[in-house]
Protein chains: 2
Amino acid sequence: MNVLLTSVGRRCYLVEYFKQELAGKGHVIGVNSDPLTSGMAAVDRRYTVPPIDDDAYIPRLLEICQEESIGLMLSLFDIDLPILARHRDQFEAMGISVVVSDPWVVEAANDKWLTYGLLLEHGLGTPLTFLGLESARSALKRGELDFPVIVKPRWGMGSISIYTAEDMEELEFFYRYALKNIAASYLNILARSDMDHAVIVQEKVQGQEYGVDVLNDLDGNFLTSVVKKKIAMRSGETDIAVTEDNELVRHITESLGVLLKHRGSLDVDIIFDESTGDSKVIEFNARFGGGYPFSHLAGANFVSALLSLAQGQLVDIKCFSYIRGVQGVKAIVPTTLTDY
Amino acid sequence: MNVLLTSVGRRCYLVEYFKQELAGKGHVIGVNSDPLTSGMAAVDRRYTVPPIDDDAYIPRLLEICQEESIGLMLSLFDIDLPILARHRDQFEAMGISVVVSDPWVVEAANDKWLTYGLLLEHGLGTPLTFLGLESARSALKRGELDFPVIVKPRWGMGSISIYTAEDMEELEFFYRYALKNIAASYLNILARSDMDHAVIVQEKVQGQEYGVDVLNDLDGNFLTSVVKKKIAMRSGETDIAVTEDNELVRHITESLGVLLKHRGSLDVDIIFDESTGDSKVIEFNARFGGGYPFSHLAGANFVSALLSLAQGQLVDIKCFSYIRGVQGVKAIVPTTLTDY
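Just so we're clear, the structure is a prediction, and the values are computed from it rather than from any experiment.

Some details on the overall build of chain A
So, point 1. A count of helical and extended segments in chain A gives 13 helices and 15 strands.
So, point 2. A globule of 340 residues ought to have a C-alpha radius of gyration of about 20 Å, and chain A, at 20 Å, matches this closely.
So, point 3. With the principal axes as the frame, chain A shows a C-alpha extent of 60 × 45 × 40 Å.
So, point 4. Accessible surface computed for chain A: about 13100 Å², of which carbon and sulfur atoms make up 50%.
So, point 5. Between the averaged position of the 31 positive side-chain charges in chain A and that of its 47 negative side-chain charges there is a distance of 2 Å.

Here it is in structure tokens:
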């Protein structure tokens, strides 16, 4: 079976995991609008495709799926997910297992204001969040919100345009600045629908940040999760982490997976405050996250599980077991880009 | 011969290059104040050492050099260089080849205001630079400087606290904001001497950015250089680059190496504007830069050259030759941190 990874970007390690599991019994095909990335360098075959918001994008993907006899398809990029979710049936009609969640799940993950509403509604802890400068300002005046606060894109990714404001002047400046930057960046693909409300202001939560990978099957049924304590970040991605048991963190994030009925891996960021025992979900992404390798290093194997599910096979129970206390780091390995 | 890499940080690829060249005939020893880094994970033996600005730092390094029979020593971190430059004779007295430049060279590289003065004095192209908000503001009023401008730490590193200001409000805000952030970050180790003048404002230069590695021998005599066109950046480091001949860029950066008489590798950032034929040096660092792997991938081998020099051997001429047009990318390879 061949696997298609869309928006493969820098996720060369996921490409390698799929290659290892396929062990020659299938190829990993990668597509990206920019061919010069480490993910595109690692795949068995690569296609440079039109930008996600181009009308030719979906037709081109359908063509590639046909030509390459794709059996399993995943996306690794938030901006890619909404359009794939809307066109999922076209790929499924070709017999492809599409690891993309329902449109409402993708939207609840991508739109941090919807995320907030969903978490509140279901009683899962989340930081106080405000849409618009005025509502944040009046919450500050009423004493409901205190500095420092986080200013960030409502439809955001990684560390792009995220600022910490320590006083009113910084809040007002960064609010306008974030709006300007969103309009000028590719984030505007998602923010287009409501550019006037494209920035949120959030309470800065104290505590230890965890990353959790929650795996559901292709019908959205919960399978397993891996909890990791984040030790260091780089460019908004986890750079060093260690697998660790934290029952509250596990319970909240697994509840989220049951609730969302997402497909495949859900990447959840959550902060645990030891002094209060509280956990607050910061955000979640309906795709493999940058922290997944730390679960894989510890023995979990969501890649193998997805391949089994796509082939209608039983998932080996070993895919779900992992060792606590495994510390991992993302090493940098310079590699020549050949055959371009 | 054993090699000591101080402030080894995330430079796991340099550790691997040294291990390859030593081929078992010596060990790579790494020291860092934080043991949890990919560089520390890659070395043959690691030591967690006191912070650079701690009185115990140099005595501890001297001890480690003694215990490990170090023959060659390099630092990979700008903040580390001034103190090593001042204490170089103590290490040399132990028979160690220290690839650290004279204090004035390190200072001219670390202090971007000195960098500007040096480049101006020697007629090497460089962006218009202003120390202090007032001088930038009056240059803007006189029409000598135009928006956008770059606001950055006078003693800076990577992309930390670098902002583009598109108007006066952004300039004034980011100037104050950068000052505040420098005071709160480890950059204050270098900025301590003149915190009131710790931010510079620089013309934003148009054109293609190049990175050049200029190699001098251990007495500061020029040996060779490798010119690379930068294709993509991440966290202020070159992420994708291609070796390319650009005679003007080569000429200017080699002149700089002859002038500075630095030791080992000098990392130069320079922007070439095809429309005017002008080149402007943005900054240089008196150590291996994050772009060195792209020179190494193309066949140059400064690591082997330094090992030969430290052992009083002739440098193999092959270390200087490289193939033009070699494109490289930094792949991310998740790795378990074991034996910690």
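Brief notes about the layout of surface pockets
Residue and element names in this part refer to chain B.
So, point 1. Space inside the second largest pocket adds up to approximately 280 Å³.
So, point 2. Lining the second largest pocket are 14 residues, and of these Pro 82, Ile 83, Arg 86, Ile 189 and Leu 190 sit closest to its centre.
So, point 3. Looking at the lining of the second largest pocket, the elements that each hand over two or more residues are helix H4 (81–86), helix H6 (103–110) and helix H10 (188–191).
So, point 4. Of the residues contributing to the lining of the second largest pocket, the split by class is 9 nonpolar, 1 polar and 4 charged.
So, point 5. Among the domains, domain 1 (2–100) and domain 2 (128–203) are the pair contributing at least three residues each to the lining of the second largest pocket.

A closer look at empty space enclosed by the protein
So, point 1. One pass over the full model with this rule turns up 7 cavities of 30 Å³ or more.
So, point 2. Its boundaries defined by the atoms lining it, the largest cavity holds a volume of some 160 Å³.
So, point 3. What lines the largest cavity is a set of 15 residues, among which Arg 234 and Ile 332 of chain A together with Arg 234, Asp 239 and Ile 332 of chain B lie closest to the centre.
So, point 4. Secondary structure elements with two or more residues in the lining of the largest cavity: strand E12 (237–243) and strand E15 (327–336) of chain A together with strand E12 (237–243) and strand E15 (327–336) of chain B.
So, point 5. In terms of residue class, the lining of the largest cavity is built from 4 nonpolar, 2 polar and 9 charged.

Thoughts on the sheet that holds strand E8 (residues 163–165) of chain A
Residue and element names in this part refer to chain A.
So, point 1. With antiparallel pairing, 4 strands are arranged side by side in an open sheet as E6-E9-E7-E8. Whereas interior strands pair on both sides, the edge strands pair on one side only; in this sheet they are strand E6 (129–131) and E8. Averaged over all adjacent pairs, the angle separating strand axes in this sheet is 30°, with direction ignored.
So, point 2. Of the pairings in the sheet, the one linking strand E7 (residues 149–153) to strand E9 (residues 199–203) comprises 5 bridges and is antiparallel in character. If you follow Ile 150 over to E9, its bridge partner there is Gln 202.
So, point 3. Relative to E6, helix H8 (residues 133–142) is tilted by about 135°, and along the sheet it contacts E6, E7 and E9.
So, point 4. Strands E7, E8 and E9 of the sheet are contacted by helix H9 (residues 168–184), whose axis makes an angle of about 160° with E8.

Structural notes on the relation of the copies chain B and chain A
So, point 1. For the pair chain B and chain A, the best superposition has an RMSD of 0.0 Å and corresponds to a rotation of 180° with a translation of 0.0 Å parallel to the axis. A rotation of that kind, with that shift, is consistent with a two-fold axis. Every residue of chain B has its C-alpha some distance from the rotation axis, and the shortest such distance is that of Ile 332 of chain B, at 2.5 Å.
So, point 2. A shared interface surface links the copies, since 100% of the contact residues of chain B are contact residues in chain A too.

Describing the interface of chain B and chain A
So, point 1. Every contact between the two is made by 38 residues of chain B and, on the other side, 38 residues of chain A.
So, point 2. Of the roughly 3700 Å² buried where chain B meets chain A, counting both sides, 58% is carbon and sulfur surface.
So, point 3. The largest share of the area that chain B buries against chain A comes from Arg 10, Arg 234 and Ile 332 of chain B, three residues that together contribute 18% of it.
So, point 4. Remark: the boundary between chain B and chain A carries 10 salt bridges.
So, point 5. The residue Asp 239 of chain A makes a salt bridge to Arg 10 of chain B at a minimum N-O spacing of 3.0 Å.
So, point 6. Here chain B is connected to chain A by 15 residue pairs in polar contact (both at pLDDT 80 or more).
So, point 7. Residue assignment for the side of chain B that touches chain A shows that the elements contributing at least two residues are helix H1 (12–22), helix H9 (168–184), strand E11 (222–234), E12, helix H12 (292–297) and E15 of chain B.
So, point 8. When residues in the side of chain B that touches chain A are grouped by element, the largest group, 10 residues, is from E15 of chain B.
So, point 9. Residues belonging to the side of chain B that touches chain A are distributed by class as follows: 20 nonpolar, 8 polar and 10 charged.

Quick word on the sheet that holds strand E14 (residues 278–285) of chain B
So, point 1. As summarised here, the arrangement of the 12 strands in space is E14(A)-E13(A)-E10(A)-E11(A)-E12(A)-E15(A)-E15(B)-E12(B)-E11(B)-E10(B)-E13(B)-E14(B), forming an open sheet in which the pairing is antiparallel. Where the open sheet ends on each side, the last strands, each with one partner, are strand E14 (278–285) of chain A together with E14 of chain B. Pairs of neighbouring strands in the sheet enclose a mean axial angle of 35°, with direction left out of account.
So, point 2. Sheet topology note: the E12 of chain A/E15 of chain A ladder contains 3 bridges and is antiparallel. Across the sheet, residue Ile 240 of chain A finds its bridge partner in E15 of chain A, namely Val 329 of chain A.
So, point 3. The strands touched by helix H1 (residues 12–22) of chain A within the sheet are E12 and E15 of chain A together with E15 of chain B, with E15 of chain B carrying the most contacts at an inclination of about 65°.

Examining the domain arrangement of chain A
Residue and element names in this part refer to chain A.
So, point 1. Its domain assignment divides chain A into domain 1 (2–100), domain 2 (128–203) and domain 3 (208–329).
So, point 2. Computed over C-alpha atoms only, the centres of domain 1 and domain 2 are separated by 32 Å.
So, point 3. The interface is formed by 5 residues belonging to domain 1 together with 6 residues belonging to domain 2.
So, point 4. Both sides of the domain 1 and domain 2 interface together cover about 510 Å² of buried area, and 79% of this is carbon and sulfur.
So, point 5. It is Asp 53, Asp 78 and Ile 79 that lose the most area in domain 1 upon contact with domain 2, and together they represent 77% of the buried surface on that side.
So, point 6. Counting across the interface, domain 1 meets domain 2 through 0 salt bridges.
So, point 7. Here domain 1 and domain 2 share 0 residue pairs in polar contact (both at pLDDT 80 or more) between them.

What counts, and at which threshold
Residues numbered from 1 in each chain as written. Chains lettered and ligands numbered in written order. Predicted model: local features only at pLDDT ≥ 70, side-chain atom pairs only at ≥ 80, totals over all residues. Heavy atoms only, no water. Helix = DSSP H or I, 4+ residues; strand = E, 2+ residues; numbered from the N terminus. Rg over C-alpha atoms; globule rule 2.2 N^0.38 Å. Areas by Shrake-Rupley, 256 points an atom, 1.4 Å probe, with all protein chains shown as cover. Lys, Arg positive; Asp, Glu negative; His and termini not counted. Charge placed at Lys NZ, Arg CZ, Asp CG, Glu CD. 1 Å grid on protein atoms, 1.4 Å probe; cavity = no way out; pocket = protein on both sides within 12 Å on 5 of 7 lines; lining within 4 Å. Points joined across faces, edges and corners; volume = space filled by probe spheres on them. Nonpolar A, V, L, I, M, F, W, Y, C, P; charged D, E, K, R; others polar. Domains from an automatic or database assignment. Pairing = 2+ DSSP bridges. Axes fitted to C-alpha atoms, helices over the stretch in contact; angles between N-to-C directions. Contact = heavy atoms within 4.5 Å. Least-squares fit on C-alpha atoms with pLDDT ≥ 70 in both. Buried area = accessible area lost by both parts, 1.4 Å probe. Salt bridge = Lys/Arg side-chain N within 4 Å of Asp/Glu carboxyl O. Polar contact = N/O pair within 3.5 Å; in protein donor to acceptor, adjacent residues only side chain to side chain.

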